[in-house]
Amino acid sequence: MAILVNSHSGILIQGITGREASMVTKHSLDYGTRIVAGVTPGKGGENVYGVPVFDTIKQARHGNHIDTAVIYVPPAFVYDAVLEAVDNEVKLVLIMTERVPVHDVAKLIAMTRQRGVTVVGPNSVGIISPGERAKLGAIGGDNPARCFVPGTVGVISRSGGMTAECAWMVKRAGYGVSTAVSLGGDAMVGSTPKDLLKMFEQDKETQAVVMWGEPGTPYEEEVGDFIANGGFTKPLVAFVAGRFVEDLPEGTVFGHAASIVQGKSGRPSTKIAALKTAGAYVPDSFNDIESVLKQVLG
Amino acid sequence: MSRVLENVAKEVLREHSIPVPQFAVASTPQGAVEAFKSIGPPVVLKALVPVGKRGKAGGVRFASEEGEAEEQARDLLGRELRGFPVDRLIVEQKLDLAKELYASITFHPSERRPVVVVSALGGVDIEETAQTSPGSVVTATFDPFVGLPVYKAREMWSDAGLSGSELRGATDILWKLGKAFLDLDAKIIEVNPLGILQDGSVAAVALLMGVDDDALYRHQALSGRVQAGSDRAWRPLTKLEKEMIAVDEADPYRGTARYTEMDGGDIGFLCGGGGGSLLMFDALSRHGGRPANYTEFGGNPPERKVYGLTKGILSKPGVKGLFVAMNITNNTQTDVVSAGIVRALNELDIDPRTFPVTVRLAGVNEPEAKAVLSAAGVEYHGDDITMEDAASMMVKKMRAAYPGY
């Protein structure tokens, strides 16, 4: 198995006729991913590489099982697109769109939380489960196997580009990926590393997780707490980038609010300390991901 | 995020019925005197720069006479405050405060909801206060659909120790701030101090506000009044940084690039991807290298953008090597990136056989990239090496070229 997406997922793409979305549709179909339908208002009746296009998700659902939506609509329409997906009983929403207003993100997080829907993104490059030949979004491009081969290591990354590089390090070590998830590069995203570790903990196939962390947000600190409290019991190899930002001059901080609300969390050194204390492997060198994986997976 | 200058923040919040002191903006000592006359003594003169903690940096002065206003204005104007030149002042009524409160609204990073922080012990030392007497700081998040309820605002101030007319006045203003936060797509509104006047009324005395760049399209009222992205720098842009913005904007829809100049350093740094660049900067530093700048590019930039960036990076005095690296991508044309690098090296008459250059580019058209680079005498690497290997290779080359490095 895998998490989030597998060969049985009923996938729909919102904004499918756009340049990027139609290219991704082609790559995904070539990979073997089943895409059931697409939606672009006003373009119902067309098709994109054989995938039927509808005006609404409601129409697309006639005779089709749809549980996963990939959103490629412009920023101003993302919130409405998520609402449409949720009202049509979609269970997983992946938002590829960049530059979504943060208030819209806060609202869609609040709304999907209430409705029990999982959101990944915004500003994600996608999700891929290589063993299922299932990919959502641009991840892997037209050559997913270059970095993503089937296996038992979960990958979670705040950086889109480094999702592939982390998976490639897993491949170099002689292993493969159960599911790789690009969380989205924004400060506020639908699913946090902790949310995904919960899923990887349940996934029988996943034996270890590689996580890419960056400065800002308290996500890595939350992971530390989560492991310390027994929420994730498999080996976690966490790399935290951007240590140099702590040496930059002050002045980037605007006002007192952040310091009062977050304290020192968000700093790479705080993240590293929290992860190490909880028992995660936190290599100093990115190369060490290889040797640490070999050590923990044997 | 766009940092909103205090005069604009005050205008905008006044439009939301939030009481602010009477103020005017002056760019000359004479202007400050005019403002002094119309407002009446005593006044506060504050440097109008997009940084917080201005008081501690000497950017806040007081005047109770015309001559004093002129003198203080003359002293402030033309100064630099945390690197920002002071070319304008805000001259405002100095209110007689009975109490200084603190109030802010931001997003709580783990709750991912708006969070309100209040304290009855406001003022310049609020962070210390939060540390030393955490009980005096009251925090609560609210639902972005519902907004900050009046009762919640009241509850918070009551917990913070207010009562009577102070409680009523502070509640009203906090509720309005909550509404403004949502209405304006703000990322932060901070009022410090939120003043309680001798007559019991309440006013937002000093204000700090940042709004979401990505939502500016739906706020006509803010257009032209705020500068997008103004929170990214810890100082004003350098000349080279401004030139690099021009390079980036010459091809606005193809590829993105950001150049940040570092103090000192000798390795020109051109890396792909936000995450990859963080990794590479750390790795270079850990291996003993000294990056002279921080440049990340992405989104398949055209040749002339890469050329412009490379040329800019190499033009900084003291740069003695060039490091180009990125993570494996599926859309970056590595041959195009290579062509841009080679053109810049050629134009600057740099010989890669003596000037250390390390390239690690893995993406589309790798054989062509290798050909372009090899023809120019630059060693090509793709996924034959890791990113970390590329960093250590760069430092080794620096050591070989410059004994004692």
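Computed from a predicted structure; not experimentally measured.

Thresholds, definitions, all that
- Residues numbered from 1 in each chain as written.
- Chains lettered and ligands numbered in written order.
- Predicted model: local features only at pLDDT ≥ 70, side-chain atom pairs only at ≥ 80, totals over all residues.
- Heavy atoms only, no water.
- Helix = DSSP H or I, 4+ residues; strand = E, 2+ residues; numbered from the N terminus.
- Rg over C-alpha atoms; globule rule 2.2 N^0.38 Å.
- Buried < 20%, exposed > 50% of the residue type's maximum accessible area, 1.4 Å probe, protein only.
- Contact = heavy atoms within 4.5 Å.
- Areas by Shrake-Rupley, 256 points an atom, 1.4 Å probe, with all protein chains shown as cover.
- Lys, Arg positive; Asp, Glu negative; His and termini not counted.
- Charge placed at Lys NZ, Arg CZ, Asp CG, Glu CD.
- Salt bridge = Lys/Arg side-chain N within 4 Å of Asp/Glu carboxyl O.
- Polar contact = N/O pair within 3.5 Å; in protein donor to acceptor, adjacent residues only side chain to side chain.
- Buried area = accessible area lost by both parts, 1.4 Å probe.
- Nonpolar A, V, L, I, M, F, W, Y, C, P; charged D, E, K, R; others polar.
- Domains from an automatic or database assignment.
- Pairing = 2+ DSSP bridges.
- Axes fitted to C-alpha atoms, helices over the stretch in contact; angles between N-to-C directions.
- Core = buried A, V, L, I, M, F, W, Y, C linked by side-chain atoms within 4.5 Å.
- Phe/Tyr/Trp six-rings, centres within 6.5 Å; stacked < 30°, edge-to-face > 60°.
- 1 Å grid on protein atoms, 1.4 Å probe; cavity = no way out; pocket = protein on both sides within 12 Å on 5 of 7 lines; lining within 4 Å.
- Points joined across faces, edges and corners; volume = space filled by probe spheres on them.

Description of the overall build of chain A
Reasoning step 1: A count of helices and strands for chain A gives ten helices and 13 strands.
Reasoning step 2: The globule rule puts the C-alpha radius of gyration for 298 residues at 19 Å, and the 19 Å found for chain A is close to it.
Reasoning step 3: Counting only C-alpha atoms and orienting by the principal axes, one finds that chain A spans roughly 55 × 50 × 30 Å.
Reasoning step 4: Buried residues in chain A amount to 60% of all 298 residues.

Details of the overall build of chain B
Reasoning step 1: The number of helices and strands found in chain B is twelve helices and 19 strands.
Reasoning step 2: Projected onto the principal axes, the alpha-carbon positions of chain B cover approximately 80 × 50 × 40 Å.
Reasoning step 3: Counting only residues that meet the buried cut, chain B has 57% of its 405 residues in that class.
Reasoning step 4: A separation threshold of at least 6 residues defines the contact pool for chain B, and within that pool the share at least 24 residues apart is 70%.
Reasoning step 5: Accessible surface for chain B amounts to roughly 16200 Å². Of this, 50% is attributable to carbon and sulfur atoms.
Reasoning step 6: In chain B, the 45 positive side-chain charges and the 54 negative ones have mean positions that sit 1 Å from each other.

A look at the pattern of salt bridges
Reasoning step 1: Considering all chains together, one arrives at 39 salt bridges over all chains under this definition.
Reasoning step 2: Among the ionic pairs, A:R115 bridges to A:D87, the shortest N-O distance being 2.7 Å. You can see A:R115 sitting in helix α4 (residues 102-115) and its partner A:D87 sitting in helix α3 (residues 78-87), a full 28 residues away along the chain.
Reasoning step 3: Through salt bridges with shared partners, one network takes in B:E6, B:K10, B:K46, B:R54 and B:E92.

Observations concerning the side chain of B:D335
Residues and elements named next belong to chain B.
Reasoning step 1: Take D335: it is sitting in helix α10 (residues 334-347).
Reasoning step 2: Among buried Asp, Glu, Lys and Arg side chains, D335 stands out as unpaired, with R254 the closest opposite charge at 9.6 Å.
Reasoning step 3: Polar contacts involving the side chain of D335 include one to the side chain of N365, which spans 3.3 Å.

Observations concerning the environment of A:S178
Residues and elements named next belong to chain A.
Reasoning step 1: The topology assignment puts S178 in strand β11 (residues 177-182).
Reasoning step 2: Overall, the relative accessible area of 1% leaves S178 in the buried class.
Reasoning step 3: In this structure the C-alpha to C-alpha distance between S178 and F200, which are 22 residues apart in sequence, comes to 9.1 Å.
Reasoning step 4: The residues touching S178, leaving out its near neighbours within four places in the chain, are A2, I128, S129, P130, G151, T152, V153, G154, F200, D203, E205 and T206.

Points about helix α10 (residues 288-297) of chain A
All names here are of chain A.
Reasoning step 1: Taken residue by residue, α10 has I289, E290, V292, L293, V296 and L297 as its buried positions.
Reasoning step 2: Summarising the contacts, the buried residues of α10 are in contact with β10 (150-157), α5 (160-172), β12 (208-213) and β13 (236-240).
Reasoning step 3: Positioned one or two residues after α10, G298 has a phi angle of 70°, which is positive.

Quick notes on the interface of chain A and chain B
Reasoning step 1: With 65 residues of chain A at the interface, the matching set in chain B holds 66 residues.
Reasoning step 2: Interface area for chain A against chain B, summed over the two sides, is near 5000 Å², with a carbon-plus-sulfur share of 62%.
Reasoning step 3: Remark: the boundary between chain A and chain B carries five salt bridges.
Reasoning step 4: For B:R218, the salt bridge is made with A:D104, and the minimal N-O distance between the two is 2.8 Å.
Reasoning step 5: Top contributing element to the side of chain A that touches chain B by residue count: α4(A), with nine residues.
Reasoning step 6: A breakdown of the residues in the side of chain A that touches chain B according to their chemical character gives 35 nonpolar, 17 polar and 13 charged.

Quick word on the domain arrangement of chain B
Reasoning step 1: Along its sequence, chain B is organised into domain 1 (1-21 + 96-232), domain 2 (22-94) and domain 3 (239-401).
Reasoning step 2: Put simply, the middle of domain 1 of chain B and the middle of domain 3 of chain B, counted by C-alpha atoms, are 43 Å apart.

Side note on the sheet that holds strand β18 (residues 357-360) of chain B
Residues and elements named next belong to chain B.
Reasoning step 1: If you trace the six strands from one edge of the open sheet to the other, you get β14-β16-β15-β17-β18-β19, paired in mixed fashion. Strands with a single pairing partner mark the edges of an open sheet, and in this sheet they are β14 (256-261) and β19 (380-381).
Reasoning step 2: One ladder, built from four bridges, connects strand β17 (residues 321-326) with β18; its direction is parallel. Across the sheet, V324 pairs through a bridge with V359, a residue of β18.
Reasoning step 3: The strands that helix α9 (residues 303-315) touches are β14, β15 (267-272), β16 (293-298) and β17; relative to β15, the one it contacts most, it runs at about 150°.

What about the sheet that holds β12(A)?
All names here are of chain A.
Reasoning step 1: Here we have six strands laid out as an open sheet, ordered β9-β8-β11-β10-β12-β13, and mixed in their pairing. In the strand order of this sheet, the two ends are held by β9 (134-136) and β13, each with one partner. Taking each pair of neighbouring strands and ignoring which way they run, the sheet shows an average axis angle of 10°.
Reasoning step 2: Strand contacts of helix α6 (residues 193-202): β10, β11, β12 and β13, with the helix running at about 160° to β10, the strand carrying the most contacts.

A short note on the nonpolar core
Reasoning step 1: In this structure, B:W157 and B:I189 are the most contacted members of the largest nonpolar core, which totals 76 residues.
Reasoning step 2: Of the residues forming this core, the biggest block, seven residues, is contributed by helix α6 (residues 164-183) of chain B.
Reasoning step 3: Mapping this core onto the domain boundaries places at least three of its residues in each of domain 1 (1-21 + 96-232) and domain 2 (22-94) of chain B.
Reasoning step 4: Excluding residues that lie within four positions of it along the chain, B:I189 makes contacts with B:L13, B:A103, B:S104, B:I105, B:L177, B:A180, B:F181, B:L207, B:L208 and B:M209.
Reasoning step 5: Formed by 55 residues, the second largest nonpolar core is a distinct cluster that contains A:V292, B:I267, B:Y294 and B:V395.

Considerations on the side chain of A:R158
Reasoning step 1: Tracing the sequence through the fold places A:R158 in the loop between β10 and α5.
Reasoning step 2: From its side chain, A:R158 meets the backbone oxygen of A:P215 in a polar contact 3.5 Å long.

What about the packing of aromatic side chains?
Residues and elements named next belong to chain B.
Reasoning step 1: The final tally for this structure, using the stated rule, is eleven aromatic pairs over all chains.
Reasoning step 2: For the pair F107 and F181, a centre-to-centre distance of 5.3 Å together with 55° between the ring planes defines the contact as tilted. A residue pair is termed long-range when its members are at least 10 positions apart, and F107 in strand β8 (residues 97-107) and F181 in helix α6 qualify at 74 residues.
Reasoning step 3: For F107, a relative accessible area of 14% translates into the label buried.
Reasoning step 4: When its relative accessible area of 0% is taken as the criterion, F181 is described as buried.

Observations concerning the layout of surface pockets
Residue and element names in this part refer to chain B.
Reasoning step 1: Taken as a whole, the second largest pocket encloses approximately 790 Å³ of empty space.
Reasoning step 2: Lining the second largest pocket we find 36 residues, and of these V60, V124, N192, P193 and A206 sit closest to its centre.
Reasoning step 3: Ranked by residue count, the leading element in the lining of the second largest pocket is strand β11 (residues 186-197), at three residues.
Reasoning step 4: Taken together, domain 1 (1-21 + 96-232) and domain 2 (22-94) each give at least three residues to the lining of the second largest pocket, which thus spans both.

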